[in-house]
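Single-letter residue listing:
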Amino acid sequence: MKQDYFSANNIKYIDYKDIEILKKFLNPNGKIMNHKRTGVTSKNQRELASAIKHARFLGLLPFMVK
Amino acid sequence: MESMQDAEKEVEQNANSRVYELGYLLVPTIKEEDIVISYGNLKELILSFGGEIVSDEMPKIISLAYTMRKVASNVRSKFNTAYFGWIKFTMNAQKVLELKKKIDLDPNFVRFFILKTAKENTIAAKRFVRGNMVHRKSPTIKRSGDNKEVISINKDEIDKEIDAMVAV
């Protein structure tokens, strides 16, 4: 069983500015990975998704990669 | 009595205040020398709305992940780079709406948002974890070096033992 990345690294708040961490959960097209693939808890997956969306809005992450 | 009431009001305001984070992109047409001025103005604006600054970062120029468009006073402009910065502050919930309306009118902003957030510094903790993981790797390399020395000592002992065996 895959362990939750955020609880393993003791991350309580998923920040939209930490793009190096957020990039781990994007596929090559820039889409957010499925929770089955990420192995993240449901609560953290929801927070992760909103963090990625905030980062996209400010141009830190792409909406899609061609 | 008035001072008592003022004090009560202050306590109420503190109870209503929350931690917010303002993330923003400033237009790249601002010169690098002038960025400090607009950064200072933004801080003053937050303070004027009764906010207290918790932490912040100076706006830095970044290349955007995609081209942004903005229409300001009938002029359409495209941006591939912008100054990205953020400020964490505590403020009354109603004042934040006023602050948002004020920033909406500012032509220096490409985009911005205001989030509810935690007071603790969230980025530094993550960097520390990553640094730790890097340090963990280095001792394993040293250990392999130590093992070689141990093996060389063992060889002499083994030779002596073999000599002893042959003698018997």
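The sections below set out a description of the structure shown in this document. The shown structure was predicted, so the numbers you read here are calculated from the model rather than taken from an experiment.

Notes on the sheet that holds strand 1 (residues 17-26) of chain B
All names here are of chain B.
Point 1. Pairing within the open sheet is antiparallel, and its four strands lie in the order 2-3-1-4. Every other strand in the sheet has two partners, leaving strand 2 (52-72) and strand 4 (109-116) as the edge strands with one partner each. Across the sheet, the mean angle separating the axes of adjacent strands is 20 degrees when strand polarity is ignored.
Point 2. In the packing of helix 2 (residues 35-48) onto the sheet, the strands contacted are strand 1, strand 2, strand 3 (75-92) and strand 4, and the crossing angle to strand 2 comes to about 120 degrees.
Point 3. In this fold helix 3 (residues 93-104) packs onto strand 1, strand 3 and strand 4, with an angle of close to 160 degrees to the strand it touches most, strand 3.

Some remarks on the environment of Ile 114 of chain B
All names here are of chain B.
Point 1. Tracing the chain through its elements places Ile 114 in strand 4.
Point 2. Taking C-alpha positions, Ile 114 is 9.6 Å from Leu 97, a pair spaced 17 residues apart along the chain.
Point 3. Setting aside residues no more than four positions away along its own chain, Ile 114 makes contact with Tyr 20, Glu 21, Leu 22, Val 96, Leu 99 and Lys 100.

The rules we used
- Residues numbered from 1 in each chain as written.
- Chains lettered and ligands numbered in written order.
- Predicted model: local features only at pLDDT ≥ 70, side-chain atom pairs only at ≥ 80, totals over all residues.
- Heavy atoms only, no water.
- Pairing = 2+ DSSP bridges.
- Helix = DSSP H or I, 4+ residues; strand = E, 2+ residues; numbered from the N terminus.
- Axes fitted to C-alpha atoms, helices over the stretch in contact; angles between N-to-C directions.
- Contact = heavy atoms within 4.5 Å.

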